[in-house]
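Here is how the chains run, residue by residue.
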Amino acid sequence: MVYTLDKASGETTPLISLENPRVDLNNVISNSFVLIPDYYAGQCPTDLFFISDRNYEIEGNYDLFLVDSLNKTEKLVEKGIASQNLFFKDGATYYFKDGSTTFGLYEYSEDGSVETKTFSGSANQYMFKDKYIFSPSTKILHNIWTGDNLGIQTTLSLTGMQDFAVSKDMKKITIVGTFSGSKDKIFCYNADETISNVIEGDEMFIPNASNITTLDSGILICAPSDNSDSVLNLVIPMDKLFAIKGS
């Protein structure tokens, strides 16, 4: 069973009863494969989809399912999609799928999905966040809805980045990860002034779970705390991002 959670009240509501859920070697049902991305669910689409990797042994392969709200069951609508990212715009749901030398953004349709945008390479060479795609190798940020691009002018290698966040005007980007060395790094870039800064140190954020978010005044990031059962939600003002130096 998959439930929806009301964060305000803490109450859960049954969403669907999964058909043939995957089990582990101990014959224990695993629900970890179910994913309804926050950016997608937060837009409240009428037809709710979710992603599953339960039919694959190799990481990075997913199927797309549609929730049958009447019968509370699932319907497989697309096999072999390329990422865990779904997008909702103007009443339609979009997803990524790899081709032979490219990958595309597809609009779902019961009559057959249609490719609306094509990108070079494969999806696993990119980072995805909300409505943005970022290539660590070319250092180009792309807005999938507007088609706008932002090139990051830096000699720093961004291979190994874990997460990123973009300002509403697409003029500032903040990237976190352990890249260009062994220390944790926060890299920030301001396109208006063509300036950047790197903050580095040890255990600056939760590995692969920094949950970095852009605020009007700065960024929000999850960092380790002294208590292993909790994390710190740190807000760093934007002006401080470009002023802090060293580790």
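Residues numbered from 1 in each chain as written. Predicted model: local features only at pLDDT ≥ 70, side-chain atom pairs only at ≥ 80, totals over all residues. Heavy atoms only, no water.

## Here we look at the overall build of the protein
Assigned secondary structure in the protein consists of 2 helices and 20 strands. Sorting the 247 residues of the protein into buried and exposed places 39% on the buried side. A fraction of 31% describes how many contacts in the protein between residues 6 or more apart in sequence connect residues 24 or more apart. Total accessible area on the protein is roughly 13,800 Å²; 47% of this is exposed by carbon and sulfur atoms. (Helix = DSSP H or I, 4+ residues; strand = E, 2+ residues; numbered from the N terminus. Buried < 20%, exposed > 50% of the residue type's maximum accessible area, 1.4 Å probe, protein only. Contact = heavy atoms within 4.5 Å. Areas by Shrake-Rupley, 256 points an atom, 1.4 Å probe, with all protein chains shown as cover.)

## Here we look at the sheet that holds strand β18 (residues 213-214)
Read from one edge of the open sheet, 3 strands run β18-β19-β20, paired in antiparallel fashion. Of all the strands in the sheet, just β18 and β20 (231-237) have a single pairing partner and so form its edges. One ladder, built from 7 bridges, connects strand β19 (residues 218-224) with β20; its direction is antiparallel. Within β20, the residue paired with I219 across the bridge is I236. (Pairing = 2+ DSSP bridges.)

## Here we look at the packing of aromatic side chains
Using the criterion set out here, one finds 12 aromatic pairs in the structure. Seen from their ring centres, Y94 and W145 are 5.1 Å apart, and the 70° between their planes marks the pair as edge-to-face. One end of the pair, Y94, is in strand β7 (residues 92-98); the other, W145, is in the loop between β12 (140-143) and β13 (149-151), and 51 residues separate them in sequence. In this pair, the class of Y94 matches that of W145, namely buried. Taking 4.9 Å as the distance between ring centres and 50° as the angle between the ring planes, the aromatic pair formed by F96 and F128 counts as tilted. Of the two residues, F96 sits in strand β7 while F128 sits in strand β10 (residues 127-129), which places them 32 residues apart along the sequence. Each of the two residues, F96 as well as F128, counts as buried. Pairwise contacts between aromatic rings join F87, Y94, F96, F103, F119, Y126, F128 and W145 into one cluster. (Phe/Tyr/Trp six-rings, centres within 6.5 Å; stacked < 30°, edge-to-face > 60°.)

## Thoughts on unusual backbone geometry
Phi at K139 takes a positive value of approximately 60°, unusual for a residue other than glycine. Positionally, K139 belongs in the loop between β11 (132-135) and β12. Backbone geometry at S180 places phi at a positive 50°, although glycine is not the residue there.

## Quick notes on the pattern of salt bridges
Applying the stated criterion across every chain, the model contains 5 salt bridges. Two residues, K185 and E200, come together in a salt bridge whose shortest N-O distance is 3.5 Å. Taken as a pair, K185 in strand β16 (residues 184-190) and E200 in strand β17 (residues 195-201) lie far apart in primary sequence, 15 residues in all. (Salt bridge = Lys/Arg side-chain N within 4 Å of Asp/Glu carboxyl O.)

## Notes on the side chain of S167
Note that S167 resides in the loop between β14 (161-166) and β15 (172-177). Those residues in contact with S167, other than ones at most four positions away along the chain, are Y132, K172 and T214.

## Notes on the sheet that holds strand β5 (residues 73-81)
Pairing is antiparallel in the open sheet, where 3 strands are placed in the order β3-β4-β5. With one partner strand each, in any of the chains shown, β3 (49-52) and β5 form the two edges of the open sheet. Strand after strand, the sheet turns through a mean of 30° between neighbouring axes, direction not considered. Here 4 bridges tie β3 to strand β4 (residues 62-68), and the two strands are oriented antiparallel to one another. Opposite F50, over in β4, you have F65 as the bridge partner. (Axes fitted to C-alpha atoms, helices over the stretch in contact; angles between N-to-C directions.)

## A word on the confidence of the model for the protein
On average, the protein scores 81 in pLDDT, and the residues at 70 or more come to 79%. Taken element by element, the predicted model of the protein shows its lowest mean pLDDT in helix α1 (residues 38-41) (54) and its highest in β13 (95). (pLDDT = per-residue confidence, 0-100.)

## Side note on the pairing of β4
The buried fraction of β4 is high, at 6 of 7 residues. Relative to β5, β4 runs antiparallel, the two sharing 6 bridges. The partner of D68 across the bridge, within β5, is T73.

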